Amino acid sequence: MAETASFLVSSNPSPTLPQNITTIRTIAESPGLTSIPSAYTFTPTPHDQVVSETQVSLPVIDYSLLTSGTPHQRSKIVHDLGKACQNWGFFLMINHGVPESLVRSMIDGCRGFFDLPEEEKEEYRGKHVLDPIRCGTSFNASVEKVFFWKDFLKILSHPVFHSPSKPAGFSETSLEYSKRAREVARKLLKGISESLGLEPNYVEKALNLEQGLQVIAANFYPPCPQPELAMGMPPHSDHGLLTFLIHNGISGLQVQHKGKWVNINGIPNSILVNIGDHLEILSNGKYRSVLHRAMVNNKATRISIAIAHGPSLDTVVSPAPELLEIEKKAAAYIGIKYKEYLEIHQSNKLDEKCNLDRLRI
Ligand code: OGA
Ligand code: NI
C-alpha cells in the first residue's frame, strides 16, 4: 500500500491559458519543456492512499452470461451485477462481444483527431455544452482555477449520430462502436433493472432509452514533465446511467473505493463500466455513482474514450416509485430533467459530486 499525493486546487489567483494556446498538445510538444506552466499546477496534499488493482478484488462481470447463459447462470450474473453496482459502482466487463479491432480503430481514430493541425479542429471548438461535436482543452477552461492536462473531443452519437469528418474513416468507426456499445448498455440495464427487483424493461421504458442520449468523450493526455503537479481529470462522477471506458493501455485511471484510490488498468479486452448519477437517482441511492479521476505521466500519451449512456434528454429522472414501494423508503432525491442536469454538469467545474448533491432531499 503506497502513500501518494492527492490534489487540491491551489489558490492560484486568476490563471489564463498561456497566449494562443488552445490545446495541451501544443504545450506538451513545446521543445525543451521541463516544467509545467503555473496555470496547470495543483497543490499536492499528502493524505491520499493509493492501492493497486491487484490488492483489491475488482468485480468482473461476464456479459455473455447475461445474453446466452443458462437461466441459473443468468440469475447468478444478475445478482453479481447488483452486488458490483452496490459495493463498487464500477466493474470490469468481459466477453462483451465488441471486437478488439473495433476498439483499437476507435482509439486510433481519436488519436488521429487530436493529431490534426490545430486549424483543422477550429470549427469544432464549440461553445455550448450540448453542441453535437465539441473539442477543447481541460474540462471547462472558462470556470476553472487550474487547468487539467488534457484535450477532449465530445460527440453526441445518439439519438442523432454526429461525427467530425476527419480523420478518414473515423465516422464509420465511431458509428459502429457507438451502436455496439449502446446494444451492450441496454442489455446491461435490463440486468440492472432485474437486480433492483424491477421488471427487465423498467429502465428502458421509464427513461425512454429508445431516444436515449449517448455521448462519446475522448480524452488525450500527453506526457507531462511534472506529473506529480498536474491532473488529467479531477475526482468526479459521470452524469449518465452507465459509462463505458476504453483506453490505449497506458494507466492513469483511479477509482475511489472505501476511501482509497485504486489504480485501474483493466484486463485485456475488458471494458470498464461505471455507474453515473442518473442510475444513483433512479435507484434512490442504492447504487451510487462512483468517484474517479485521471492521473498523468511523463512517459507516454494516454488516450481514453468514455461513452456515456443516458436517458432521453427530456426525461425527468426521479427515484423509481416501484422501488420505493419495494424498499419501503422515501425518495432521497428530487427529480430533474436530464437535459437540465447535463447543462449544469457540463458547464460547472468538475468537483466531486457537487451537482448530484444539490438534488438530495
Ligand atoms: C471521463 C473519465 C477517465 C479517464 O471521461 O469521464 O472519467 O481515464 N475519464 O480518462
Ligand atoms: Ni468520468
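Residues numbered from 1 in each chain as written. Chains lettered and ligands numbered in written order. Predicted model: local features only at pLDDT ≥ 70, side-chain atom pairs only at ≥ 80, totals over all residues. Heavy atoms only, no water.

Re the nonpolar core
The condition is simple: Throughout this description, the term nonpolar core refers to a set of buried Ala, Val, Leu, Ile, Met, Phe, Trp, Tyr and Cys residues connected via side-chain atoms within 4.5 Å. Burial classes follow relative accessibility: with a 1.4 Å probe on protein chains only, a residue under 20% of its type's maximum area counts as buried, one over 50% as exposed, and anything between as partly exposed. To qualify as a helix, a DSSP run of H or I must reach at least 4 residues; to qualify as a strand, a run of E must reach at least 2; elements of each kind are numbered from the N terminus.
Grouped together as the largest cluster of nonpolar side chains are 63 residues, with contacts concentrated most on Phe91, Met93, Leu153, Tyr177, Leu188, Leu242 and Phe244. Among the elements that take part in this core, helix H6 (residues 170-195) stands out by supplying eight residues, more than any other. By size, the runner-up hydrophobic cluster in this structure holds 20 residues, among which are Tyr40, Cys224, Met233 and Met295.

Description of the site of ligand 1
What counts, and what does not: Neighbouring residues are identified by heavy atoms, a residue being near a molecule or strand if any of them is within 4 Å of it. The definition of a polar contact used here is a pair of N or O atoms within 3.5 Å, where within protein one atom must be able to donate a hydrogen and the other to accept one, and adjacent residues in sequence count solely through side-chain atom pairs. Here the open area of atoms and residues is found with the Shrake-Rupley method and a 1.4 Å probe, where only the protein chains shown may cover a residue. Put plainly, a pocket is an open set of points on a 1 Å grid over the protein atoms alone with protein on both sides within 12 Å along at least five of seven lines, a cavity is a set where a 1.4 Å probe fits but cannot get out, and a lining residue has an atom within 4 Å of a point. Occupancy of a cavity or pocket is assigned to a molecule whenever over half of its atoms lie within 2 Å of that pocket's grid points.
Residues in close proximity to ligand 1 include Asn219, Tyr221, Met233, His236, Asp238, Leu245, Leu253, His292, Ala294, Arg302, Ser304 and Ala306, which together make up its full environment. For ligand 1, an oxygen atom lies 3.1 Å from a polar atom in the side chain of His236. About the coverage of ligand 1: the protein hides 94% of its 290 Å² of free accessible area. More than half of the atoms of ligand 1 fall within 2 Å of the grid points belonging to the largest cavity.

Let's talk about the UniProt feature "domain: Fe2OG dioxygenase" (unreviewed entry) in the protein chain
For clarity, the threshold we go by: UniProt positions are given in the numbering used here, feature names are shortened, and annotations may be inferred rather than shown by experiment.
UniProt records the feature "domain: Fe2OG dioxygenase" (unreviewed entry) at residues 211-311, using the numbering of this structure. For the annotated span residues 211-311, helix accounts for 6% and strand for 44% of the residues, and the straight-line distance between the end C-alpha atoms is 7 Å.

Some remarks on the side chain of Asn297
We count it as follows: Between two residues, a contact is recorded if the distance between any of their heavy atoms is within 4.5 Å.
By secondary structure assignment, the location of Asn297 is in the loop between strand E15 (292-294) and strand E16 (302-309). When its relative accessible area of 19% is taken as the criterion, Asn297 is described as buried. In this structure the side chain of Asn297 is engaged in a polar contact, spanning 2.6 Å, whose partner is the backbone nitrogen of Lys299. One polar contact links the side chain of Asn297 to the main-chain amide nitrogen of Ala300, over a distance of 2.8 Å. Every residue in contact with Asn297, bar those within four places of it in the chain, is listed here: Pro222, Pro223, Cys224, Pro227, Ile250 and Ser251.

A few points about the packing of helix H4 (residues 100-114) against H6
Note the threshold: Only the stretch in contact is used when fitting a helix axis, every axis being a line fitted to C-alpha atoms; angles between N-to-C directions are given from 0 to 180 degrees. Angles below 35 degrees are treated as roughly parallel, those above 145 as roughly antiparallel, those between 65 and 115 as roughly perpendicular, and all remaining angles as oblique. Left-handed is the label given to a crossing in which the near helix is rotated counterclockwise from the far helix by less than a right angle, and right-handed is the label when the rotation is clockwise. Asp, Glu, Lys and Arg are counted as charged, while Ala, Val, Leu, Ile, Met, Phe, Trp, Tyr, Cys and Pro are counted as nonpolar; the rest, among them Gly, fall into the polar class.
Across the interface, H4 lies against H6 with an axial gap of 9 Å and an inter-helix angle of 130°. On the basis of their axis angle, the class for H4 and H6 is oblique. The element H4 and its partner H6 pack so that their crossing is left-handed. Counting all contacts with H4, which are made through Leu102, Val103, Ser105, Met106, Gly109 and Cys110, the residues of H6 involved are Phe170, Thr173, Ser174, Glu176, Tyr177 and Arg180. Its residues assigned to classes, the contact of H4 with H6 shows six nonpolar, four polar and two charged.

Details of the sheet that holds strand E8 (residues 151-158)
Just so we agree on the cut-off: Strand pairing is assigned whenever DSSP identifies at least 2 bridges connecting the two strands.
The sheet built from eight strands is open, its strands ordered E5-E6-E14-E11-E16-E9-E8-E7 with mixed pairing. Edge strands, defined here as strands with exactly one partner in the open sheet, are strand E5 (60-62) and strand E7 (133-137). Within the sheet, the average angular offset between the axes of one strand and its neighbour, ignoring direction, is 25°. Note: E5 against strand E6 (residues 90-94), three bridges, orientation parallel. Looking at the pairing, Ile61 lines up with Met93 of E6. Contacts from helix H3 (residues 71-87) reach E5, E6 and strand E14 (271-275), with the element oriented near 150° to E5. Sheet strands touched by H6: E6, E8, strand E9 (214-221), strand E11 (242-247), E14 and E16. Its angle to E11, the strand with the most contacts, is close to 135°.

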